[in-house]
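# Coordinates in review
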Amino acid sequence: MILSGNELVALATKAARGAGAPPQQAAAFGRAALCHFQAGRAPQHLRAALDALPTGPILEIPLALTRLMEAAEGDVAEGVLRADAPSDFIQSYLEAQPFAITATASQDGFVLTCALSTPAPRVPSVRVTLPGGLAARMTALAAQLLVPDTAASRAGGAGAGLTDND
Amino acid sequence: MKDIADFTPPPQAPLRPPAQVMRLARMGSMFPTRLSFLRSLIRRLAAEEVTVSRPVWEMDADGFGHAVYSLVLGGHRYSLVAVSTDLPPEQRTDRVIATAWDSAYVLFDGMPDADDIARIVASAPLQEAARFTERDLVLSRANKSVRLFAHVTESLRAGCQPNEQMIRDVGYLMRTTAVYGNGKFGIADRAVIESRPGLEGPFAAEMLTVWLIRHFTHELAEHVGGAPLDAPLKRHLGIGNSTGLGMAPFLVSHPVLLNNWMLARETALARVCAIESVDAPTAARLHALAERAAQHLGEWQVPDADHQRRIEALRGDWDIFRATLDFGGPTPLARVMAAAEDQSLDLQELLAAMLIEPFGDLVDGLAECMGDPFGPMTLPLRDTAALRSGIEQYFDWALTPDYDAADHCGQFWYVSEAKQEPRLGLRFEEPGAELESPLDIARRVKALYRDIGDGAQPVSALLEQHPEHGLAVARVQMADRYPYGEIRDNLIATSCLPIDMLRCKLSFFGASKFDPKSDRWTRITLCQGAPLAGDLATGDADDWWLPVFAQ
């Protein structure tokens, strides 16, 4: 399944929400998923993270980032990011941040310097080939958010009349 | 590249505060301005003296077939592939659940070859049911105003021009029912074009598409009618648009963009309000614009009785108010704005848009600040004391409602299974509230405030205990840097009118002639009065704020 970057972000976000992630963490996962594919990293980390919900890396990595950021001095945050997740999945989250990050892997985790007022470098848009199994899993999870049609919702939910000839 | 260190911003009066500007009722009173995206795009097209060619026209006598239009903007070639099909009347619906349309379009990156055209001719009419490529930048479709299209073509065939009154009343030959960008259905991500000259601004590629679609509708009618339309009539034929709830959540899910749009407009108003005095020609121009606005209001007729009454009230108020306009003396524009403080929101927003209009040199550069190239660049809150303080400073309005009371939570936003489009349901009458979309920012912030407790602990400690507050924390964190990023109303209240969100967004597109069909969808007109393709080099390509019918 070949997706645009925006389609992948949207699908991954909805899948995480469907699997039980709160909206903000789901959106962070969506952005990280795109970076993950753009870097050619292993898709099974995404599947594992979705399967771990409502706990696991999708909640833990943003929380670890918050811990590090809230200790910022001015607009620079420095420290070691510790989260129980594969390092390349964490790397995808770091690349998904809007600000510039310098990261070095260490035994304790990633040693980060975050320049919170400096935009991250732009990443060229790439299309993503989503493996069939992961695509099906994400689509199924995303579908859990959809509300089935009723006569009332068809008639009034979107607000329009049924025909619009003029 | 200009050095930003050399830039000295013009003087400006105090900005109208977010507490005043970001209320739904005021947002639902907005008018297009010279910063609207269509205006910015047309200025760019005119500055480059862009010419539009038509390399392909494969259309039968009834106007069914396909065509290609092409232009170069900012050094890049773009082409509109237009496909016109014979649609049975019973299939013609503007709703997003439609499966067939009178016409379908793709804005293509470059000049399409025969294979590209064949692919698009086959896939574009299927719209959401097809998949597209990275060369396809925008996907759209449009239905005819059957009444006007038939009248125009029959008139031309009979050797005469169409009835001016009908053109004035309808205003377009076709109306788009969706204009998709940014990766939808496999088309190119916005990142592909966002740094290209001329398409950097928000929705610029979409606006280019609708302007070219309008051009196509003119030529299609002339082809079927077998004769040219008079230029003044053609210029008054814009492109309609039918818009429902689908675009409303965008304003909530893109707070940085919303902030940048509103801040640019408010900064423009603040700059003109700081003008010390205006000379006689400028004062005359402002009076002429006030008269044009009166004519525009007079030509704005809608079937909905409530909205028509609102337009008529504005007409009356505007006539009285403009008779008092005096642009003499010191800081005249600030004085005029202040004089409108007791007037209706409709009048205030019309006036704000008008006052900005003559001062392109002062405000047009702000259009470059209306994008969001980076995402939210927010500084973290140190602890929950700072979080509490931020809520009290920026979200005090959200703490008042009792969200357990039926009137304050009577609606819920959701995504429908059919076509996966946003909808709005009645919480106590319809199923699905457990799958609610997170547009209830106000309720979430109040819930966060309740759980913060006394004292100060790390925000991370709060989020570890309450991960469900992540969204609310992020919004509070953004409020200091993006003060115009939040609609300051309860979007799940029974009284919430989504049409206000639609009008705000559409006014930034440059829409006029809002024609609400309910509190959830509206028809509008885009590009009415806009330059035709051949007018771009004539020098008045930018003078079409609030279109009026020219004889």
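The structure reproduced in this document is the subject of the present report.

Calculation criteria
- Residues numbered from 1 in each chain as written.
- Chains lettered and ligands numbered in written order.
- Predicted model: local features only at pLDDT ≥ 70, side-chain atom pairs only at ≥ 80, totals over all residues.
- Helix = DSSP H or I, 4+ residues; strand = E, 2+ residues; numbered from the N terminus.
- Buried ≥ 20, exposed ≤ 12 C-beta atoms within 10 Å, placed from the backbone.
- Contact = placed C-beta atoms within 7 Å.
- Core = buried A, V, L, I, M, F, W, Y, C linked by C-beta atoms within 7 Å.
- Nonpolar A, V, L, I, M, F, W, Y, C, P; charged D, E, K, R; others polar.
- Pairing = 2+ DSSP bridges.
- Axes fitted to C-alpha atoms, helices over the stretch in contact; angles between N-to-C directions.
- Parallel < 35°, antiparallel > 145°, perpendicular 65-115°, else oblique.
- Left-handed = near helix turned anticlockwise from the far one by under 90°.
- Expected span 1.5 Å × (residues − 1).

### Details of the overall build of chain B
On a plain count of helices and strands, chain B comes out with 21 helices and eleven strands. Considering chain B as a whole, with its 551 residues, one finds that 51% of them fall into the buried category. For chain B, the share of sequence-separated contacts (at least 6 apart) that also reach a separation of at least 24 residues comes to 75%.

### Comments concerning the overall build of chain A
On a plain count of helices and strands, chain A comes out with seven helices and six strands. The N-to-C order of helical and strand elements in chain A reads β-α-α-α-α-β-α-β-β-β-α-β-α. Dimensions along the principal axes, computed over C-alpha positions, put chain A at roughly 65 × 35 × 30 Å. Counting across all 166 residues of chain A, residues that qualify as buried make up 46%. Excluding contacts between residues fewer than 6 apart, the proportion of contacts in chain A whose partners are at least 24 apart in sequence is 64%.

### Quick notes on the environment of B:Glu299
All names here are of chain B. For Glu-299, the position within the fold is in helix α11 (residues 280–299). Residue classification places Glu-299 among the partly exposed positions, given that 16 C-beta atoms sit within 10 Å. Each C-alpha atom of the pair Glu-299 and Arg-168 lies 7.2 Å from the other, and the pair is 131 residues apart in sequence. Contact partners of Glu-299, with chain neighbours within four places excluded, come to Arg-168, Val-548 and Phe-549.

### Some words on the nonpolar core
Ranked by internal contacts, the top residues of the largest apolar core, which has 162 residues, are B:Val81, B:Met207 and B:Leu355. Setting aside anything within four residues of it in sequence, one finds B:Val81 in contact with B:His66, B:Val68, B:Tyr105, B:Val106, B:Phe108, B:Pro112, B:Ile117, B:Ile120 and B:Ala124. By size, the runner-up hydrophobic cluster in this structure holds 47 residues, among which are A:Leu3, A:Ala10, A:Ala49 and A:Leu50.

### Brief notes about the interface of chain A and chain B
Contact residues are listed per partner, giving 42 residues for chain A and 58 residues for chain B. Here the residues of the side of chain A that touches chain B sort into 19 nonpolar, 15 polar and eight charged. Sheet topology places strand β6 (residues 146–147) of chain A next to strand β8 (residues 411–416) of chain B; two bridges connect them, and they run parallel. Across the sheet, A:Val147 pairs through a bridge with B:Ser416, a residue of β8(B).

### Focus on unusual backbone geometry
Omega for the peptide link from A:Leu53 to A:Pro54 comes to 20°, which places this bond in the cis form. On the secondary structure map, A:Pro54 appears in the loop between α3 (44–52) and α4 (57–69). Phi is positive for B:Gln127, close to 50°, though the residue is something other than glycine. Within the secondary structure, B:Gln127 sits in the loop between α4 (114–123) and β5 (136–144). One non-glycine residue, B:Cys527, lies in positive phi territory at about 70°. Judged by the 29 C-beta atoms lying within 10 Å of it, B:Cys527 falls in the buried class.

### A few points about helix α3 (residues 37–47) of chain B
Residue and element names in this part refer to chain B. The buried count for α3 comes to eight of eleven residues, which makes it a mostly enclosed element. Restricting attention to buried positions, one finds in α3 the residues Phe-37, Leu-38, Arg-39, Ser-40, Leu-41, Ile-42, Arg-44 and Leu-45. On its buried side, α3 packs onto β2 (65–73), α7 (204–225), α21 (498–509) and β11 (522–526).

### Some remarks on the sheet that holds β6(A)
Read across the sheet, three strands follow the order β6(A)-β8(B)-β9(B) without closing on themselves; strand pairing throughout is mixed. Looking at which strands have only one partner, the edges of the open sheet turn out to be β6 of chain A together with β9 (422–426) of chain B. By the bridge criterion, five bridges tie β8(B) to β9(B) in an arrangement that is antiparallel. Following the sheet pairing, B:Gln411 is matched in β9(B) by B:Leu426.

### Topic: the packing of helix α16 (residues 384–394) of chain B against helix α18 (residues 441–452) of chain B
All names here are of chain B. Here α16 crosses α18 at 140°, and the two axes come no closer than 10 Å. Here α18 runs oblique to α16, going by the angle between their axes. Classified by chirality, the crossing of α18 by α16 is left-handed. Counted together, Thr-384, Leu-387, Arg-388 and Ile-391 of α16 and Val-445, Tyr-449 and Ile-452 of α18 form the full contact between these two elements. A class-by-class count of the residues in the contact of α16 with α18 yields five nonpolar, one polar and one charged.

### Remarks on α7(B)
Taking 1.5 Å per residue as the helical rise, α7(B) with its 22 residues ought to reach 32 Å, and the 32 Å between its terminal C-alpha atoms agrees with that figure. Burial within α7(B) is extensive, with 21 of its 22 residues counted as buried.

### Describing the sheet that holds strand β3 (residues 99–106) of chain A
Residues and elements named next belong to chain A. Read from one edge to the other, the open sheet built from three strands follows the order β2-β4-β3, with strand pairing classed as antiparallel. Unpaired on one side and paired on the other, β2 (76–81) and β3 mark the two borders of the sheet. Strand-to-strand twist across the sheet, computed as the mean angle between neighbouring axes with direction ignored, equals 15°. Sheet topology places β3 next to strand β4 (residues 109–119); eight bridges connect them, and they run antiparallel. By the bridge assignment, Ala-103 is partnered in β4 with Leu-112. Where helix α5 (residues 87–95) meets the sheet, its contacts fall on β2, β3 and β4, and the angle it forms with β3 comes to roughly 165°.

### Thoughts on the environment of B:Pro498
Residues and elements named next belong to chain B. You can see Pro-498 is positioned in helix α21. A count of 25 C-beta atoms within 10 Å places Pro-498 in the buried class. The contacts of Pro-498, once residues within four sequence positions are left out, are Leu-245, Ala-248, Leu-424, Asp-519 and Arg-520.

### As for the packing of α16(B) against helix α20 (residues 470–479) of chain B
Residues and elements named next belong to chain B. Between α16 and α20, the shortest axis-to-axis distance is 9 Å and the interhelical angle comes to 70°. The angle between α16 and α20 falls in the class roughly perpendicular. Crossing of α16 against α20: the hand is left-handed. Residues Leu-387, Gly-390, Ile-391 and Tyr-394 of α16 touch α20, and the partners they reach there are Val-473, Val-476 and Ala-479. Of the residues that constitute the contact of α16 with α20, the class distribution is six nonpolar, one polar and no charged.

### Points about the pairing of β8(B)
The element β8(B) is extensively covered by neighbouring structure, given that six of its six residues are classed as buried. Count of turn residues in the β8(B)/β9(B) antiparallel hairpin: five residues, of which B:Lys419 carries a positive phi of about 65°.

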